[in-house]
Amino acid sequence: MKSTLKNRAAAAAASAMTIALLATGCAAEDDKDADGDASNKDVAVGGKDFGTADEETAKLGSDAEAGVFPRTVKHANGTTEIEKKPERVVVLDTGELDDVLSLGITPIGMVTTEGASAVPSYLEDQVEGVETVGTIQELDLEKIASLEPDLILGSQLRADKLYDELDSIAPTVFSIRPGFPWKENFRLVGEAMGMEDEATKELEEYAREAGDLKDSVDGDPTISLVRFMPERLRLYANQSLIGVILHDAGFKRPKNQDVDELAVEISPENLDQAGGDYVFYTSYGDPEATGEKKALESSQWKGLDAVKDGKAIRVNDDVWFLGLGPTGAGQILDDLEDHLGE
């Protein structure tokens, strides 16, 4: 049987106040966007378990009847006993934050990012007063313990090395990784919260909206995704949040992006490879620092058919690449409808 909440808090307080994670330097589905590495490299981009993260996550969850506690939840780091419906939840990434808010639950603790927005801007108005428990790559375990949570939600990718310490504070449920398994991750959060029916309903609504979107668009346009980042430029592919959404909506991708990878990296000199009938682009951070501003003035960019046709559209990075949950996915569908339906 699990230790009591009080014992968990005491055990964590005895740990170092702040423990640095070997994880990503930003809250995104990208695993090495800044200086750090993923906590579990096997599930990082290029790792042996990356490509099957959605299939494996779908096998996780609980056999309990919907909403019934106590329940045993199978997750990426083993099994966790949850004795009663969680009321004090701490989330360790933007995906889990989106997930619990989508279920109508306000967490008591959350991490911040080192991106342009400490919290994804589309969620800011829902988290006023929520305590910060460090950043994604540097968790404050003592602060987490002081909040006396009854559930911690995170991922093996981000915090694998800290799982035992987190689980000594409160029952901890980990997905495999954020990003393209976002629907499976949401179901797992629903299982941990005893809100599996609510999660299913949300995903059914998403699927309906995705189908309606494709039906509302004339023709069969090809969609290109371009993200400017410090020292790199990425064309996002099928195994990404937005790649899954475009697949679910039935949209075609350029051949070089229609691959089972997170993204394809190109040099700014090869920006002519970013073409599609529509190009949706953004930056992680300051457009000058990412090279976006310079790229948009280049002949390669101006030569793209989508740019010439007025179909190159700048989007909100916080939503399209940091959302990682059903609320973010819904906003992306709305954006696509606004631009493709014109």
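Refer to the structure above for everything that follows.
A short tour of the structure in this document, coming up. The model shown is predicted, which means the values in this text are computed figures rather than measured ones. Per chain, residue numbering runs from 1 following the sequence as it is written. Residues qualify for local features only when their pLDDT is at least 70, as the model is predicted, and side-chain atom pairs are given and counted only at 80 or more; totals for whole chains, interfaces and linings, by contrast, use all residues. The side-chain figures draw on all heavy atoms in the structure; neither hydrogens nor water molecules are used.

Quick look at the overall build of the chain
(1) Moving on: Helix and strand content of the chain: 15 helices and 15 strands.
(2) Moving on: Taking all 342 residues of the chain together, the buried fraction comes to 55%.
(3) Moving on: As displayed, the chain has an accessible area near 14300 Å², and 44% of this comes from carbon and sulfur atoms. Numbering of helices and strands runs from the N terminus, with a helix taken as a DSSP run of H or I at least four residues long and a strand as a DSSP run of E at least two residues long. Each residue's exposure class comes from its accessible area (1.4 Å probe, protein chains only) as a fraction of the maximum for that residue type: buried when under 20%, exposed when over 50%, partly exposed otherwise. Calculation of accessible area relied on Shrake-Rupley with a 1.4 Å probe; when residues are assessed, cover is drawn exclusively from the protein chains displayed.

Some words on the side chain of Asp-317
(1) Moving on: You can see Asp-317 is positioned in helix H14 (residues 317–320).
(2) Moving on: Assessed through its relative accessible area of 7%, Asp-317 is described here as buried.
(3) Moving on: Throughout, a contact is declared for two residues whenever any of their heavy atoms are within 4.5 Å. What Asp-317 contacts, discounting residues up to four positions off in sequence, is Arg-227, Thr-282, Ser-283, Tyr-284 and Leu-322.

Regarding the nonpolar core
For soluble globular proteins, the rule of thumb is that nonpolar side chains tend to be buried together.
(1) Moving on: Joining through side-chain atoms within 4.5 Å is the link that ties buried Ala, Val, Leu, Ile, Met, Phe, Trp, Tyr and Cys residues into a set, and such a set is a nonpolar core. Membership of the largest hydrophobic core comes to 66 residues, with the highest contact counts inside it found for Leu-153, Ile-242, Ile-245, Phe-280, Trp-320 and Leu-336.
(2) Moving on: Within the second largest apolar cluster, 19 residues are counted, among which are Ile-108, Ile-144, Leu-162 and Leu-166.

So, unusual backbone geometry
(1) Moving on: Cis geometry is found at the peptide bond from Phe-69 to Pro-70, where omega equals 0 degrees.
(2) Moving on: Locating Pro-70 in the fold gives a position in the loop between strand E2 (61–62) and strand E3 (71–75).
(3) Moving on: At Leu-324, a residue that is not glycine, the phi angle is positive and equals roughly 60 degrees.

A closer look at the packing of aromatic side chains
(1) Moving on: For Phe, Tyr and Trp, where Trp contributes only its six-membered ring, two rings pair if their centres lie within 6.5 Å, and the inter-plane angle classes them as stacked under 30 degrees, edge-to-face over 60, or tilted in between. Throughout the structure, instances matching the rule amount to eight aromatic pairs.
(2) Moving on: With 5.2 Å between their ring centres and 65 degrees between their planes, Phe-50 and Phe-180 make a pair best called edge-to-face. Here Phe-180 lies in the loop between strand E10 (172–175) and helix H7 (182–193) and Phe-50 lies in the loop between strand E1 (19–20) and helix H2 (53–57), a separation of 130 residues in the sequence. When sorted by exposure, Phe-50 lands in the same class as Phe-180, which is buried.
(3) Moving on: Relative to Tyr-206, the ring of Trp-182 lies with its centre 4.9 Å away and its plane at 85 degrees, an arrangement referred to as edge-to-face.

Considering the packing of helix H8 (residues 196–216) against helix H9 (residues 241–249)
(1) Moving on: The geometry of H8 relative to H9 is characterised by a closest axis approach of 8 Å and an angle of 65 degrees between their N-to-C directions. Classified by the interaxial angle, the pair formed by H8 and H9 is roughly perpendicular. Counted together, Tyr-206, Ala-210, Leu-213 and Lys-214 of H8 and Val-244, Ile-245, Asp-248 and Ala-249 of H9 form the full contact between these two elements.
(2) Moving on: Across the contact of H8 with H9, the residue classes tally to six nonpolar, no polar and two charged. Think of each axis as a best-fit line through the C-alpha atoms, taken over the contacting stretch in the case of a helix, with angles from 0 to 180 degrees between the N-to-C directions. For classification purposes, angles smaller than 35 degrees are called roughly parallel, those larger than 145 roughly antiparallel, those between 65 and 115 roughly perpendicular, and all remaining angles oblique. Side-chain classes follow a simple rule in which Ala, Val, Leu, Ile, Met, Phe, Trp, Tyr, Cys and Pro form the nonpolar group, Asp, Glu, Lys and Arg form the charged group, and the remainder, Gly included, forms the polar group.

Quick word on the pattern of salt bridges
(1) Moving on: When a carboxyl oxygen of Asp or Glu is within 4 Å of a side-chain nitrogen of Lys or Arg, the pair counts as a salt bridge. Scanning the model with the defined rule gives 16 salt bridges in all.
(2) Moving on: Here Lys-48 makes a salt bridge to Asp-49, at a shortest N to O gap of 3.2 Å.
(3) Moving on: Taking relative accessible area as the criterion, Lys-48 reaches 64% and is therefore assigned exposed.
(4) Moving on: On the basis of relative accessibility, which here comes to 28%, the residue Asp-49 falls in the partly exposed class.
(5) Moving on: The network of salt bridges with shared partners includes Arg-71, Glu-191 and Glu-196.

Describing helix H15 (residues 326–340)
(1) Moving on: Helices are assigned an expected span. That span is 1.5 Å times one less than the residue count. Over its 15 residues, H15 runs 21 Å from end to end, which matches the ideal 21 Å to within 8%, given 1.5 Å per residue.
(2) Moving on: Taken residue by residue, H15 has Pro-326, Gly-328, Ala-329, Gly-330, Ile-332, Leu-333, Leu-336 and Leu-340 as its buried positions.

What about the sheet that holds strand E12 (residues 232–236)?
(1) Moving on: The sheet built from five strands is open, its strands ordered E13-E12-E11-E14-E15 with mixed pairing. A single partner strand is all that each edge strand has here, and the edge strands are strand E13 (263–266) and strand E15 (312–314). Recorded for the sheet is a direction-independent mean angle of 25 degrees between the axes of neighbouring strands.
(2) Moving on: As paired strands, strand E11 (residues 223–229) and E12 are joined by four bridges and run antiparallel to one another. Residue pairing in the sheet places Val-226 in a bridge with Leu-235 of E12.
(3) Moving on: Lying on the sheet, H15 is in contact with E11, strand E14 (278–283) and E15; it crosses E14 at an angle near 135 degrees. Only strands joined by at least two bridges in the DSSP assignment are considered to pair.

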